[in-house]
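Overview (structure and organization)
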Amino acid sequence: MPTLDYRQLYIGGQWRDPAQSETIDVQSPTTEEIIGSVPRGGRGDIDAAVAAARVAFDDPDGWATWHPKQRADVLEKFAAELEARGAETAARVSMQNGMPIWLAQQFEAGFPPLLLRYYSDLMNSAPVEEERQGMLGGVSLVSRQPVGVVGAIVPWNVPQGISFLKLAPALAAGCTVVLKPAEETVLDAFLMAEAAAAAGLPPGVLNVVPGGRDIGAYLVEHPDIDKVSFTGSTAAGRAIAETCGRLLRPVTLELGGKSAAIVLDDADIAGSIESFFGATLLNNGQICWLNTRVLAPRSRYTEIVDTITGLASALTIGDPLDPETKIGPLVSSRQRERVEGYIAKGKQEGRLTTGGSRPSGQDRGWFVEPTVFADVDNNAVISREEIFGPVLSVIPYADESEAIAIANDSNYGLGGSVWSSDTERAAGVARKVRSGTVGVNHYVNEPVAPFGGIKESGMGRELGPEGLDAFQVYKTIYLPPAQ
Ligand code: NAD
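Report on the accompanying structure. This is a predicted model, so every value here is computed, not measured.

Helix and strand counts for the protein chain come out as 15 helices and 23 strands. Against the globule reference of 23 Å for 483 residues, the protein chain gives a C-alpha radius of gyration of 23 Å, in line with a compact fold. When its C-alpha atoms are laid out on the principal axes, the protein chain stretches across 75 × 60 × 40 Å. Scored against the burial criterion, the 483 residues of the protein chain give a buried share of 59%. Put simply, of all contacts in the protein chain between residues at least 6 apart along the chain, 74% involve residues at least 24 apart. Summed over all atoms, the accessible surface of the protein chain reaches about 19200 Å², with 51% contributed by carbon and sulfur.

This part is about the sheet that holds strand 23 (residues 472-479). Spatial ordering of the open sheet is given by 6-7-23, a layout of three strands whose pairing is antiparallel. In this open sheet, the two strands that pair with only one neighbour each are strand 6 (129-133) and strand 23. Within the sheet, the average angular offset between the axes of one strand and its neighbour, ignoring direction, is 25 degrees. Pairing between strand 6 and strand 7 (residues 139-146): five bridges, direction antiparallel. Across the sheet, residue glutamate 130 finds its bridge partner in strand 7, namely valine 142.

Two pairing modes exist for strands in a sheet, parallel and antiparallel, and in both the strands are linked by backbone hydrogen bonds. The strand order across the open sheet built from three strands is 1-5-4, with neighbouring strands paired in mixed fashion. Of all the strands in the sheet, the pair left with one neighbour each is strand 1 (4-5) and strand 4 (23-27). The sheet contact formed by strand 1 and strand 5 (residues 34-39) spans two bridges and is parallel. What sits directly across from aspartate 5, in strand 5, is serine 37.

Looking now at helix 9 (residues 273-280). Within the span of helix 9, buried status applies to Phe276, Phe277, Gly278, Ala279 and Thr280. Looking at the buried side of helix 9, the elements it contacts are helix 4 (101-125), strand 13 (260-263), strand 14 (293-297), helix 10 (301-314), strand 17 (391-397) and strand 19 (417-419).

A word on the pattern of salt bridges. Across all of its chains, the model carries 23 salt bridges by this definition. Ionic pairing is found between aspartate 265 and arginine 425, a salt bridge with its closest N-O pair at 3.0 Å. Placement of aspartate 265 in the loop between strand 13 and helix 9 and of arginine 425 in helix 14 (residues 423-432) is noted, with a sequence separation of 160 residues between them. Between arginine 358 and glutamate 340 there is a salt bridge; the shortest N-O distance is 2.8 Å. Here glutamate 340 lies in helix 11 (residues 333-349) and arginine 358 lies in the loop between strand 15 (351-354) and strand 16 (371-374), a separation of 18 residues in the sequence.

Here we take up the nonpolar core. Of all hydrophobic cores here, the largest spans 84 residues; its most connected members are Phe78, Tyr119, Leu171, Leu201, Leu206, Phe276 and Trp289. Ranked by residues supplied to this core, first place goes to helix 4 with eleven residues. If sequence neighbours within four positions are ignored, leucine 206 has contacts with Tyr10, Phe78, Leu167, Val177, Leu179, Met192, Ala196 and Leu201. Membership of the second largest hydrophobic core comes to 34 residues, among which are Leu9, Val209, Ile225 and Leu253.

Each value, and the rule that gives it
Residues numbered from 1 in each chain as written. Predicted model: local features only at pLDDT ≥ 70, side-chain atom pairs only at ≥ 80, totals over all residues. Heavy atoms only, no water. Helix = DSSP H or I, 4+ residues; strand = E, 2+ residues; numbered from the N terminus. Rg over C-alpha atoms; globule rule 2.2 N^0.38 Å. Buried < 20%, exposed > 50% of the residue type's maximum accessible area, 1.4 Å probe, protein only. Contact = heavy atoms within 4.5 Å. Areas by Shrake-Rupley, 256 points an atom, 1.4 Å probe, with all protein chains shown as cover. Pairing = 2+ DSSP bridges. Axes fitted to C-alpha atoms, helices over the stretch in contact; angles between N-to-C directions. Salt bridge = Lys/Arg side-chain N within 4 Å of Asp/Glu carboxyl O. Core = buried A, V, L, I, M, F, W, Y, C linked by side-chain atoms within 4.5 Å.

Here you go:
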């Protein structure tokens, strides 16, 4: 197959030669072959991208000052250009990170245009300026201003979906952006840059510089950045928060998780197996909000362990481009080594009921079998640390209050779910779970509702009107009392 090779970077509305000659070579996690390359962004490229974004933002007649409707018109074109490239975007993501193609079509092709339209509509429906009659005489004019030049740093696991959790509200609000994709998923980011150029985004409004953590860190502390929006590991988030704290720079952090699925004693897991799969093992176990701790009542423990074991062992493992595939490879050999390290630990800490090895017959690619450990204590390493692979721990509990206590006994608080045939009962339990989001009998990132974490899962929210807030600052103009 021919490789996809780019030689220039999208900066300031143009394709420009990179500051350095190094490249990022993308290796397929399925075939282990090189499938493409892009220039590796260097500090000079970050400088050029931030300067272009700064000029675009500071232009007194530019993007930031346009009426939301004008920006919405351009963002609608951007959405249409993305849709025209949707199938190719999904395929590129799937080829780079192993995401099953049916999921890539939803998350990577479908979600970005939807988010652009949602945030454009939200901006259009809010008054540009609100007039408040004062208590001390006079009138205050209150408006929301775009926060400025945004440095957006994203991981490889859902590269387009996560990029647009940031880009859609930031661009709709009037911000300009420098996006730094992860090294593993760059080919989709370049296709998105092509869509931005074709849509006629004004120069500098969106700039894309791929690279590793070094240029990520350089972007975070760049003097001309006004706001950082980061999704990735808790360790990197902590380092970024330290920098932003020192610089008094606003930052949104979407980090790791170790969420719990609480299976109540009246749940019909077998009857909702597709939803349960979606909440626990989606994207080969590589999603931050996955419910990788399954809390099962002792009264139905054996049956629930058997159901989950049956689910995991029946999943079709294979080429992510095959629509029948439920579990593709992990993103890299490094990631597989990490996951296998946790599986080895799990064999000491719990009872392996299925999986635990590389699938037979897959001699190429970074595959691991979906793996379930039963009889795991909530203090075990595999219950406390994020594995980021298809590995579940089943933890027994005696009653509802113990289930809630176990769910809340975590350094993380990002997702979660409650499973029951009584929706109200489940919602009652969900209210007591300390986490940013909890699903009842399913889990979904709903565009209109805020998504984000507490504790080591991060700070701030994406999605919903709250996700727009993150890219706006309030401004007040006091008018004098009438003479
Ligand atoms: P990572 O933190 O290593 O990398 C994420 C991105 O940050 C990459 O672009 C990387 O180059 C960059 N980066 C790394 N260190 C940096 C630093 N010090 N300064 C600036 N940039 C830096 O994470 P990963 O292993 O690629 O991704 C998996 C992690 O992301 C998991 O922990 C997962 O839970 C988390 N994640 C969270 C969410 C969420 O919404 N909460 C969503 C997806 C993934």
